[in-house]
Amino acid sequence: MKRLLFALVALTFAFPVFAQEEENYIQVNGTSEIEIVPNQIFLSITLDESDTKGRQAIEQQRKLMISTLKSLGIDTEKQLTMADMSSSYFKRGTSLSAAKYQLELSTSEQVVSVYDKLSEIGISDITIARVSHTDMEQYKSKCRQDAIKNAKAIATELATAIEQTIGRCTYIYDSNRGITPSYYNNGIMLMRSVAKATNGMTEESTPVEFKKITINYSVTAKFELK
């Protein structure tokens, strides 16, 4: 037994012992923000028989809506889609049907024109469902790249302050899961209507400006510190 113990001790000292080298690194957070003007504006338009005094049929409202939109230069085949249809409303034994449509526009001027013209024919249940951009994925990608570049710039600045440099990036942590842009509030329509009613403003003098979509991104990165 003693011989075995002596052999193990001797074997241990026969190999060099390497001390674990202390890891030198710098860890920083990088951020990026991009603002873009939306070029996709989705309106929700609801047609409801209960909103018309003469119980105007949904089909009549639909035809009138489509002809009005076409007069504004809108391609209803491509830009107008049915979102939902319901006939489950009942009042005093009378069935009241409702149909919901989604209209895609590209400018705030179009939104104003559609809102005003449809309101004139008795269709006023119009809300802004959401806004987006046709190149949204490209903007998101650029924002991610800018975030890691920002992290590297910060790491370089801090290392320089202590007369050192950074090496390769050894770690990147992306905590973002689905970037949600800022959407505009539907109060935009109400405010515009009130302004026209109280101040006598014309359609041309009450422009609507949509809030820019803000994309935020952040990453955590580690760089070798030399």
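Residues numbered from 1 in each chain as written. Predicted model: local features only at pLDDT ≥ 70, side-chain atom pairs only at ≥ 80, totals over all residues. Heavy atoms only, no water.

Scanning the chain for helices and strands turns up 6 helices and 7 strands. Ordered by position from N to C terminus, the α and β elements of the chain give α-β-β-α-α-β-β-α-β-α-β-α-β. Considering the chain as a whole, with its 226 residues, one finds that 34% of them fall into the buried category. Nonlocal contacts in the chain, meaning residues at least 24 apart in sequence, comprise 80% of its contacts between residues at least 6 apart. Accessible surface, the chain as shown: approximately 15000 Å² in total, 52% of it carbon and sulfur. (Helix = DSSP H or I, 4+ residues; strand = E, 2+ residues; numbered from the N terminus. Buried < 20%, exposed > 50% of the residue type's maximum accessible area, 1.4 Å probe, protein only. Contact = heavy atoms within 4.5 Å. Areas by Shrake-Rupley, 256 points an atom, 1.4 Å probe, with all protein chains shown as cover.)

This brings us to the confidence of the model for the chain. Looking at the chain as a whole, the pLDDT averages 76, with 66% of positions reaching at least 70. Ranking the elements of the chain by mean pLDDT puts helix α1 (residues 2-14) last with 46 and helix α5 (residues 136-161) first with 94. Overall, residues 4-21 carries pLDDT values under 50, and its contacts beyond four positions in sequence, including any with other chains, amount to 0 contacts. A low-confidence stretch, residues 87-93 stays under pLDDT 50, and its non-local contacts, those more than four residues away or across chains, total 9 contacts. (pLDDT = per-residue confidence, 0-100.)

Looking now at the packing of helix α2 (residues 58-71) against helix α4 (residues 108-120). Packed helix pairs are specified by the crossing angle of their axes together with the interaxial distance, meaning the distance between the axes. The geometry of α2 relative to α4 is characterised by a closest axis approach of 10 Å and an angle of 140° between their N-to-C directions. Judged by the inter-axis angle, α2 sits oblique to α4. Seen from above, α2 lies across α4 with right-handed handedness. Contacts between α2 and α4 pair Met-65, Thr-68 and Leu-69 from the former with Val-114, Lys-117 and Leu-118 from the latter. Classifying every residue of the contact of α2 with α4 gives 4 nonpolar, 1 polar and 1 charged. (Axes fitted to C-alpha atoms, helices over the stretch in contact; angles between N-to-C directions. Parallel < 35°, antiparallel > 145°, perpendicular 65-115°, else oblique. Left-handed = near helix turned anticlockwise from the far one by under 90°. Nonpolar A, V, L, I, M, F, W, Y, C, P; charged D, E, K, R; others polar.)

A few words on the packing of aromatic side chains. To describe a pair of aromatic rings, you give the distance between the ring centres and the angle between the ring planes. Under the defined criterion, the tally for this structure stands at 0 aromatic pairs. Lying over the aromatic face of Tyr-25, Lys-222 brings its terminal NZ or CZ to 4.5 Å of the ring centre. One cation-aromatic arrangement involves Lys-222 over Tyr-171; the distance from NZ or CZ to the ring centre is 5.3 Å. (Phe/Tyr/Trp six-rings, centres within 6.5 Å; stacked < 30°, edge-to-face > 60°. Lys NZ or Arg CZ within 6 Å of the ring centre and 35° of its normal.)

What follows covers α5. Two residues of an α-helix separated by three or four positions point the same way, owing to the 3.6 residues in each turn. Taking 1.5 Å per residue, 26 residues should reach 38 Å; α5 reaches 38 Å between its end C-alpha atoms and fits that length. Within α5, burial applies to Met-136, Lys-140, Cys-143, Ala-147, Ala-151, Ala-155 and Ala-159. Buried residues belonging to α5 abut β1 (25-36), β5 (126-132), β6 (166-174) and β7 (213-225). Phi turns positive one or two residues past the end of α5, at Glu-163, with a value near 60°. (Expected span 1.5 Å × (residues − 1).)

Across the two faces of β1 the burial differs, with Ile-26, Val-28, Gly-30, Ser-32, Ile-34 and Ile-36 buried and Tyr-25, Gln-27, Asn-29, Thr-31, Glu-33 and Glu-35 not buried at all. Pairing analysis gives 12 bridges linking β1 to β7, with the strands arranged antiparallel. Its bridge partner being in β7, Ile-36 is matched across the sheet by Ile-213. (Pairing = 2+ DSSP bridges.)

Consider a sheet: its strands pair through backbone hydrogen bonds, and that pairing is either parallel or antiparallel. Ordered in space as β1-β7-β6, the 3 strands form an open sheet in which the pairing is antiparallel. At either end of the open sheet lies a strand with only one pairing partner, and these are β1 and β6. The average undirected angle you get between the axes of adjacent strands in this sheet is 30°. Two elements, β6 and β7, share 6 bridges in a ladder whose sense is antiparallel. Looking at β7, one finds that Asp-174 is bridged to Val-219. Across the sheet, α5 touches β1, β6 and β7, and the angle it forms with β1 is around 145°.

Time to look at the nonpolar core. Leu-43, Ile-45, Met-65, Leu-69, Leu-103, Val-114 and Leu-118 are the most contacted members of the largest nonpolar core, which has 32 residues in total. Of all the secondary structure elements, the ones that give two or more residues to this core are β1, β2 (40-48), α2, β4 (94-105), α4, β5, α5 and β7. Counting residues in hydrophobic clusters, the runner-up holds 9 residues, among them Ile-26, Val-28, Ala-151 and Ala-155. (Core = buried A, V, L, I, M, F, W, Y, C linked by side-chain atoms within 4.5 Å.)

Below, the discussion takes up the pattern of salt bridges. According to the stated counting rule, one finds 3 salt bridges in the structure shown. A salt bridge links Lys-142 to Asp-146; the nearest nitrogen and oxygen atoms lie 2.8 Å apart. Taken together, the residues Lys-142 and Asp-146, both in helix α5 and 4 residues apart, mark about one turn of the helix. Relative accessible area serves as the criterion here: at 45%, Lys-142 is assigned to the partly exposed category. (Salt bridge = Lys/Arg side-chain N within 4 Å of Asp/Glu carboxyl O.)

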